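Each chain, letter by letter, is given below.
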Amino acid sequence: MLLLALPLVLSAVQNSAAQNREKASPYALIVGTVFRDNGFALRGAQVTIHPDTAGKKAKAKKRKAVSDARGEFTFRLPAAEARYNIEVRAVGFVPKEKAVTISGDERIDVTFMLEAAP
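Report on the accompanying structure. The shown structure was predicted, so the numbers you read here are calculated from the model rather than taken from an experiment. (Residues numbered from 1 in each chain as written. Predicted model: local features only at pLDDT ≥ 70, side-chain atom pairs only at ≥ 80, totals over all residues. Heavy atoms only, no water.)

Focus on the overall build of the protein chain
How we decide: Strands are runs of DSSP state E lasting at least 2 residues, helices are runs of H or I lasting at least 4, and numbering of each runs from the N terminus. With a 1.4 Å probe rolled over the protein chains alone, any residue whose accessible area is under 20% of its type maximum counts as buried; one over 50% counts as exposed, and the rest are partly exposed. The contact rule is simple, with two residues in contact once any of their heavy atoms fall within 4.5 Å.
Secondary structure summary: the protein chain contains one helix and seven strands in total. Along its sequence from the N terminus, the protein chain presents helices and strands in the succession α-β-β-β-β-β-β-β. The buried share of the protein chain, taken over its 118 residues, is 26%. Considering only contacts within the protein chain whose residues lie at least 6 apart along the sequence, 60% involve residues at least 24 apart.

Describing the sheet that holds strand E2 (residues 46-51)
Applied cut-off: Between any two strands, pairing holds if DSSP finds at least two bridges. Every angle, taken between N-to-C directions, lies between 0 and 180 degrees, and every axis is a line fitted to C-alpha atoms, over only the stretch in contact when it is a helix.
With antiparallel pairing, the four strands of this open sheet are ordered in space as E3-E2-E5-E6. Of all the strands in the sheet, the pair left with one neighbour each is strand E3 (63-66) and strand E6 (96-102). Geometrically, the sheet is characterised by an average inter-axis angle of 20 degrees between neighbouring strands, direction not taken into account. Alignment of E2 against E3, held across four bridges, turns out to be antiparallel. Counted as the bridge partner of Val47 is Ala65 from E3.

Some remarks on the sheet that holds strand E4 (residues 72-78)
Taken together, three strands build an open sheet; the order of strands is E4-E1-E7 and the sheet is mixed. Edge positions in the open sheet fall to E4 and strand E7 (107-114), since each of these has one partner strand only. Direction aside, the axes of adjacent strands within the sheet are offset by 20 degrees on average. Judged from the seven bridges that link them, strand E1 (residues 27-36) and E4 form a sheet pairing that is antiparallel. Looking at the pairing, Thr33 lines up with Glu72 of E4.

Digging into the packing of aromatic side chains
This is how it is decided: Ring pairs shown here join Phe, Tyr and Trp side chains whose ring centres sit within 6.5 Å, with only the six-membered ring taken for Trp; geometry is labelled stacked below 30 degrees between planes, edge-to-face above 60, and tilted in between. By definition here, charges over rings are those cases where NZ of Lys or CZ of Arg is within 6 Å of the ring centre and within 35 degrees of the ring normal.
By the definition in use, this model includes two aromatic pairs. Ring geometry for Phe73 against Phe112: centres 6.4 Å apart, planes inclined by 45 degrees, an arrangement best described as tilted. In this pair, Phe73 is assigned in strand E4 and Phe112 in strand E7, connecting sequence segments 39 residues apart. By relative accessible area, Phe73 is classed as buried at 3%. Among the aromatic residues, ring-to-ring pairing joins Phe73, Phe75 and Phe112 into one connected group. Positioned over the ring face of Tyr27 is Arg76, at 3.6 Å from the centre of the ring. A cation sits over an aromatic face here: Lys98 above Phe112, 5.0 Å from the ring centre.

In structure tokens:
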């Protein structure tokens, strides 16, 4: 009897997964890596992203991340045309900032090379 019910359960799971994919909205990824001035990955850098709201009302809020052991960070954002400012700070290093433009459902890769503070 268990073998008879198995196809029904599998069908229900597949239908549920298909419905969830349809409901998922498109998104953009901003993926980056932070390096030290000697070329090695920089772990623990504070990364902040916020929409460039010059002349517009701000709808999106700031988001923060911390670079991992490989110096990497990721932000998942709405797939709408927008411009974002990304700022990277780490103790003992000069902060850097870059502007990134998203035009839709895409992945943008950015790289930061932080120099040691004088």
